[in-house]
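The chain contents come next:
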Amino acid sequence: MVELLLTPLSYPFMVRGLTAAIIVGVVCAVLGTYIVLRGMALFGDALAHAILPGVVVGYLLGGGNEIWLSFGGLVAGILTALGIGLLNQGKVKEDTATGVMFAGMFALGIALLSTVRSYTVDLTHFLFGNVLGVSNYNLWLSGIFGSLVILTIILFYKELLVISFDPILAQTLHLPTKFLNNLLLLLIAVTIVLSLQTVGLALMSAMLVTPAATASLLTRHLPVMMILSATIGAASAVIGLYLSFYVNIASGPAIVLTCTFFFMLAFANQRL
Amino acid sequence: MVAKTAILQQVIEFRDKLFDLQPQIRRTNFSLSKPFRQTETCPILELQNVLVRFNETLALDNISFQLRKGERVALVGPNGAGKSTLFNVIAGILRPTQGQVNLPHALIKDKNEQFAIAYVPQRNQVDWRFPVNAAEVVMMGRVGQLGLFHWPKRKDWDMVYEALELVGMAKLAKRQIGELSGGQQQRVFIARALAQQAELILMDEPLTGLDMQSQEDIFAILEKLRQRQVTVMVATHDLNLAAERFDRLMLLKQRLIGFGTASEVFTTDLLRQAYNGQLRLLETNNGTVVVEDSCCGGGHG
């Protein structure tokens, strides 16, 4: 048994992958509690898809340099988040605005990427992640930005709580509501970029939504929900990666399926 | 250590300047156990020729009135009369297309201290599954005064429990809000308004769907608020309760049809103007009897 657990750790790429997956699992899950509570699950999914053109432009300009990839993704994420906000102010409903931006940006990303010869391989990596190919640079990026995201959530805990539970109260309390809403969008964009290589864009929403949704079935206390969600996110990351190592399936989907399994368990537990 | 604190202070000041956060923060030295300010005379709020237009639709038309300190006002009118819109304008959430909202009371006060208006939302606008308990909801009322990066202190929790005590909910403070009854949920939100140190509380349909006993509990709390000189404005569909339990009534249908005591406002003529075909007025020997003809469930007035 111990050997089963230790064998994968003898490979440096597995250790890096595990560390990255745990960071991503925790950060996504904690931020995910706000996404679930505010009913933004669809938005998170859309935003993840919509950063593709940014990542591709970064890829084309930087020739595979990871700094360019992350930077491009972040710029696209922020632009899309603000773009959805802008469309939403007009006569278009929010979910319609999200749908339009999501599909448009995603198509732009694929169109740009199709100009490259190694198109399909690159697209697969962007869409489904490549956690075993995580570099040291990527690990540092995830660590630093992940800590910043968690720190911001702690610092703005009570304001984000108020604006999520009762936006009208936030206004009557004269809280900086616009700033807080944009801050949350920025946090989601940053989290998506730092999770890019671990689970990929297509499966991102599972990491953002599923652990938090599972936790919401198990507790009715927000701080407990955040801790539980983080634990489920991290556990899914570890179990998923071991599964991927031994059963020989792709790592991103293995992590997401583990998450989904936990959700099913919690759901069944509630029904019983 | 001292140097560190000074640096931290500078960093905080710089951050506040950067985000322009400081003006948002209000600090008052107020304890729930003290009565509200008593020196001010009425009015506490004044609307002058307020007009609100959404695209082509006129939601509020030329509304002017004053509210007195400590009074209890019922806001009545048919569905779509603009009741919620009026609340939003008073609470400062919606800027009127034309006209002014004046807070004369606040103007004579220290500049940084803003007039606190609390809003108790309709029950169907709240996500009752949200993972917070009663005490945490009440603490949300303190968030504006705590300011950014400040955690609730003992004093704040004391105020929260004092507010919960006042509405008779201290024992259920740790209950998740979805596990409370309708009346209890309403009381928690009133406690939140108290923790917010509100001098004017706007309540949107607080009595809808409550049984008689729960309604009486709410009125008992409103009585306590009156003693504290808190002004309360309640939107309601129940014309009987409005006539019996409130100091003044405001009859709204885009325009202000009438504002005064029940006998001044509930006249056949004014009720017809406001409700048109939605109310039946039966002339009897004892005067006019009002029979409600329309259903009112969950409408946004």
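Everything numeric here is computed off the predicted structure, so don't read it as measured data. (Residues numbered from 1 in each chain as written. Chains lettered and ligands numbered in written order. Predicted model: local features only at pLDDT ≥ 70, side-chain atom pairs only at ≥ 80, totals over all residues.)

**Examining the overall build of chain A**
Argument step 1. From N to C terminus, chain A includes 14 helices and 0 strands.
Argument step 2. Taken over C-alpha atoms, the radius of gyration comes to 18 Å for chain A, in line with the 19 Å a tight globule of 272 residues would show.
Argument step 3. Each principal axis of the C-alpha distribution contributes one length, and for chain A these read about 60 × 50 × 35 Å.
Argument step 4. Contacts spanning at least 24 positions in sequence make up 72% of the contacts within chain A whose residues lie at least 6 apart. (Helix = DSSP H or I, 4+ residues; strand = E, 2+ residues; numbered from the N terminus. Rg over C-alpha atoms; globule rule 2.2 N^0.38 Å. Contact = placed C-beta atoms within 7 Å.)

**Some details on the interface of chain A and chain B**
Argument step 1. Each partner contributes residues to the interface: chain A has 22 residues there, and chain B has 20 residues.
Argument step 2. When contributions to the side of chain A that touches chain B are tallied by element, the ones reaching two or more residues are α9 (157-165), α10 (167-172) and α13 (222-248) of chain A.
Argument step 3. Its residues assigned to classes, the side of chain A that touches chain B shows 12 nonpolar, 6 polar and 4 charged. (Nonpolar A, V, L, I, M, F, W, Y, C, P; charged D, E, K, R; others polar.)

**Some thoughts on the environment of V224(A)**
Argument step 1. Assignment of secondary structure puts V224(A) in helix α13.
Argument step 2. Remark: the alpha-carbon pair of V224(A) and I51(A), spanning 173 residues in sequence, is separated by 31 Å.

**Things to note about the sheet that holds strand β8 (residues 248-253) of chain B**
Residues and elements named next belong to chain B.
Argument step 1. Strands sit in the order β5-β6-β7-β3-β8-β9 across an open sheet of 6 strands; the sheet is mixed. This sheet does not close on itself; its edge strands, each paired only once, are β5 (117-120) and β9 (255-260). Ignoring strand direction, the axes of neighbouring strands in this sheet form an average angle of 15 degrees.
Argument step 2. Pairing of strand β6 (residues 200-204) with strand β7 (residues 231-235), which is carried by 5 bridges, proceeds in the parallel orientation. (Pairing = 2+ DSSP bridges. Axes fitted to C-alpha atoms, helices over the stretch in contact; angles between N-to-C directions.)

**Things to note about the pairing of β9(B)**
Argument step 1. Strand direction decides the pairing type here: β8(B) and β9(B), joined by 5 bridges, are antiparallel. When the bridges of β9(B) are listed, L251(B) appears paired with G258(B).

**Thoughts on the environment of L201(A)**
Residues and elements named next belong to chain A.
Argument step 1. Tracing the backbone through its elements, the reader meets L201 in the loop between α11 (177-199) and α12 (204-218).
Argument step 2. For the pair formed by L201 and I51, sequence separation is 150 residues and the distance between their alpha carbons is 8.2 Å.
Argument step 3. Setting aside its immediate chain neighbours within four residues, L201 contacts A48, H49, I51, L52, F126, L127 and L196.

**Details of the packing of helix α2 (residues 12-37) of chain A against α12(A)**
All names here are of chain A.
Argument step 1. Running from N to C, α2 and α12 point in directions that differ by 70 degrees, and their axes come no closer than 7 Å. Classified by the angle between their axes, α2 and α12 sit roughly perpendicular to one another. Crossing of α2 over α12 shows right-handed handedness. Of α12, the residues touching α2 (which contributes V24, G25, C28, A29, L31, G32, T33, I35 and V36) are M207, L208, V209, P211, A212, A213, A215 and S216.
Argument step 2. Residue composition of the contact of α2 with α12, by class: 13 nonpolar, 4 polar and no charged. (Parallel < 35°, antiparallel > 145°, perpendicular 65-115°, else oblique. Left-handed = near helix turned anticlockwise from the far one by under 90°.)

**As for unusual backbone geometry**
All names here are of chain B.
Argument step 1. Despite not being glycine, F149 shows a phi value in the positive range, around 65 degrees.
Argument step 2. Among the structural elements, F149 can be located in the loop between α5 (143-146) and α6 (154-166).
Argument step 3. We classify F149 as exposed; it has 12 C-beta atoms within 10 Å.
Argument step 4. A positive phi angle, close to 60 degrees, is found at Q254, a residue other than glycine.
Argument step 5. Counting through the fold element by element, Q254 comes out in the loop between β8 and β9.
Argument step 6. The class of Q254 is buried, set by 21 C-beta atoms lying within 10 Å. (Buried ≥ 20, exposed ≤ 12 C-beta atoms within 10 Å, placed from the backbone.)

**Notes on the packing of α2(A) against α11(A)**
Two measures define how a pair of helices packs: the angle their axes make with one another and the distance between the axes.
Residue and element names in this part refer to chain A.
Argument step 1. Their axes nearest at 10 Å, the elements α2 and α11 cross at an angle of 150 degrees. In this view, α2 runs roughly antiparallel relative to α11, as classed from their interaxial angle. Between α2 and α11 the crossing geometry is left-handed. Facing A20, A21, V24, V27, C28, L31 and Y34 of α2, the residues of α11 in contact are L184, L187, I188, T191, L194, S195, T198 and V199.
Argument step 2. Classifying every residue of the contact of α2 with α11 by side-chain character gives 12 nonpolar, 3 polar and no charged.

**Considering helix α4 (residues 52-62) of chain A**
Residue and element names in this part refer to chain A.
Argument step 1. Of all 11 residues making up α4, 8 are buried, and the element is well covered by its neighbours.
Argument step 2. By the burial criterion, the buried members of α4 are L52, P53, G54, V55, V56, V57, G58 and Y59.
Argument step 3. Following α4 by one or two positions, G63 adopts a phi angle in the positive range, close to 60 degrees.

**Let's talk about the sheet that holds strand β1 (residues 45-54) of chain B**
All names here are of chain B.
Argument step 1. Pairing is antiparallel in the open sheet, where 3 strands are placed in the order β2-β1-β4. With partners counted over all chains shown, the strands left at the sheet margins are β2 (57-67) and β4 (98-102), one partner each. Each neighbouring strand pair of the sheet contributes to a mean axis angle of 20 degrees, computed without reference to strand direction.

**Regarding helix α14 (residues 251-271) of chain A**
Residue and element names in this part refer to chain A.
Argument step 1. For α14, which comprises 21 residues, the first-to-last C-alpha distance of 30 Å matches the rise-based estimate of 30 Å (1.5 Å per residue) to within 8%.
Argument step 2. Among the residues making up α14, those that are buried are S251, G252, P253, A254, I255, V256, T258, C259, F262 and F263.
Argument step 3. Check the buried side of α14 and you find it contacts α2, α7 (119-128), α11, α12 and α13. (Expected span 1.5 Å × (residues − 1).)

**Some points on the environment of V56(A)**
Residues and elements named next belong to chain A.
Argument step 1. Structurally, the position occupied by V56 is in helix α4.
Argument step 2. By C-beta crowding, V56 is classed as buried, having 26 other C-beta atoms within 10 Å.
Argument step 3. Residues V56 and V149 lie 93 residues apart in sequence; the distance between their C-alpha atoms is 24 Å.
Argument step 4. When near neighbours in sequence (up to four residues on either side) are disregarded, V56 contacts G109, L112 and L113.

**Thoughts on the confidence of the model for chain B**
Residue and element names in this part refer to chain B.
Argument step 1. Looking at chain B as a whole, its pLDDT mean stands at 81, while 74% of the residues score no less than 70.
Argument step 2. Within chain B, the element-level pLDDT minimum falls on helix α3 (residues 104-107), averaging 52, and the maximum on helix α4 (residues 134-140), averaging 96.
Argument step 3. With pLDDT under 50 throughout, residues 16-40 is counted as low confidence; its partners more than four residues away or in other chains account for 33 contacts.
Argument step 4. Below pLDDT 50 for its whole length, residues 295-301 participates in 13 contacts with residues either more than four positions away or in separate chains.
Argument step 5. Among the prediction metrics, the complex's ipTM stands at 0.87, with pTM recorded as 0.83. (pLDDT = per-residue confidence, 0-100.)

**Details of the pairing of β7(B)**
Side-chain direction in a regular strand flips from residue to residue, so the side chains alternate between the two faces of the sheet.
Residue and element names in this part refer to chain B.
Argument step 1. With 5 of 5 residues buried, β7 is to be regarded as a mostly interior element.
Argument step 2. In β7, alternate side chains face the same way, and those of T231, M233 and A235 on one face and V232 and V234 on the other are all buried.
Argument step 3. Bridging between strand β3 (residues 72-76) and β7 involves 4 bridges; their strand directions are parallel. Note that in β7 the partner of R72 across the bridge is V232.
Argument step 4. Assessed by its sense of winding, the connection that carries the chain from β6 through helix α8 (residues 212-227) to β7 is right-handed. (Right-handed = clockwise from strand over helix to strand, strands pointing away.)

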